[in-house]
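# Overview (structure and organization)
Here's the letter readout for the chains.
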Amino acid sequence: MSMVQRSRIDGGSRQVLYEIRSTQSLAISRGGVFGFQWGGDPGPAPPPVPGQLNSTYRIVLDTTGACGFPLVGAPVDGTSVIRGWFNLAGEYQGVTIQSVQDANATIIGEVMFNSRGGSVNNCTPGVTFPVTVIIADNSGVQRCVDVQRAGRVSIRALGAACP
């Protein structure tokens with residue numbers, strides 16, 4: 001793998017890790033359920049989110065505690081939409097979020113945290129942990145960001161297989 005490709009996939013993975021940890025920190029500091037919501041390819045719901053690219057994500061507050069996420073076009077107001085749709089491929093050329101899935105490979109589309117910092121994923125019944133965000137570049141190289149039920153977030157070692 002060229003240095004440029006590796007730099008892009010590593011940078012994109014660290015960006016996603018940082019954003020997920022920021023989501024967790026918001027849940028703890030503001031005392032609510034916050035989500036790192038993946039855009040996904042246009043298609044049927046639940047995820048992907050219709051009209052969003054698979055390289056996009058946002059950080060939102062679950063206003064109802066029962067998947068009350070803001071609408072796709074909701075303005076970034078710092079209250080319910082903390083970070084608007086961000087295109088990872090715009091920052092790291094050729095890098096996308098391939099999927100957000102649980103341990104059974106069920107696409108769930110978001111990573112959610114409660115006020116104690118634990119991952120809750122209320123929107124998909126029967127979620128099994130870890131939840132994995134698979135990041136890939138255009139050459140097929142993948143990196144995984146794993147989220148454990150207790151809230152531990154980590155990037156798998158380079159070369160470790162993604163689900």
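The coordinates are above.
An account of the accompanying structure is given in this report. Here the structure is a predicted model, which is why all the values come from computation and not from measurement.

## Regarding the environment of S154
Position of S154 relative to the elements: it lies in strand 8 (residues 153–155). Residues S154 and I20, 134 residues apart in the sequence, show an inter-C-alpha distance of 9.9 Å. Contacts of S154, omitting those with residues within four sequence positions, involve L17, C144, V145 and D146.

## Topic: the pattern of salt bridges
For side chains of opposite charge, pairing can occur when their charged atoms come near one another. Applying the stated criterion across every chain, the model contains four salt bridges. Taking the shortest distance from any N to any O, the salt bridge between D10 and R143 comes out at 2.5 Å. With a gap of 133 residues between them, D10 in helix 1 (residues 3–30) and R143 in strand 7 (residues 142–147) connect regions that are remote in the sequence. Neither D10 nor R143 differs from the other in exposure class; each is buried. Salt-bridge contacts for E19 lead to R83; the nearest nitrogen and oxygen are separated by 3.4 Å. Pair noted here: E19 is in helix 1 and R83 is in strand 3 (residues 81–87), with a separation of 64 residues, a long-range link. For E19, a relative accessible area of 4% puts it in the buried group. Overall, the relative accessible area of 27% leaves R83 in the partly exposed class.

## Side note on the packing of aromatic side chains
Within this structure, the stated rule accounts for two aromatic pairs. Taking the centre distance of 4.8 Å and the plane angle of 25° together, the rings of F36 and Y57 count as stacked. Pair noted here: F36 is in strand 1 (residues 34–38) and Y57 is in strand 2 (residues 56–61), with a separation of 21 residues, a long-range link. On the accessibility criterion, F36 (0% relative accessible area) is buried. Look at Y57 and you get buried, because its relative accessible area is 0%. Ring centres of Y57 and F86 lie 5.5 Å apart, and the angle between their planes is 55°; this geometry places the pair in the tilted category. You can see Y57 sitting in strand 2 and its partner F86 sitting in strand 3, a full 29 residues away along the chain. Each member of the pair, Y57 together with F86, is buried. One aromatic cluster is present, built from ring pairs that chain together F36, Y57 and F86. Above the face of the F86 ring, R83 is positioned so that its terminal group lies 4.2 Å from the ring centre.

## With respect to the sheet that holds strand 4 (residues 96–101)
The antiparallel open sheet is built from four strands, whose spatial order is 4-6-7-8. At either margin of the open sheet sits one strand with a lone partner, and together these are strand 4 and strand 8. Taking the axes of each pair of neighbouring strands and ignoring which way they run, one obtains an average angle of 20° across the sheet. With six bridges joining them, strand 6 (residues 131–136) and strand 7 adopt antiparallel strand pairing. Paired with V131 across the two strands is V147, which belongs to strand 7.

What counts, and at which threshold
- Residues numbered from 1 in each chain as written.
- Predicted model: local features only at pLDDT ≥ 70, side-chain atom pairs only at ≥ 80, totals over all residues.
- Heavy atoms only, no water.
- Helix = DSSP H or I, 4+ residues; strand = E, 2+ residues; numbered from the N terminus.
- Contact = heavy atoms within 4.5 Å.
- Salt bridge = Lys/Arg side-chain N within 4 Å of Asp/Glu carboxyl O.
- Buried < 20%, exposed > 50% of the residue type's maximum accessible area, 1.4 Å probe, protein only.
- Phe/Tyr/Trp six-rings, centres within 6.5 Å; stacked < 30°, edge-to-face > 60°.
- Lys NZ or Arg CZ within 6 Å of the ring centre and 35° of its normal.
- Pairing = 2+ DSSP bridges.
- Axes fitted to C-alpha atoms, helices over the stretch in contact; angles between N-to-C directions.

What is shown is where atoms sit, not what they do.
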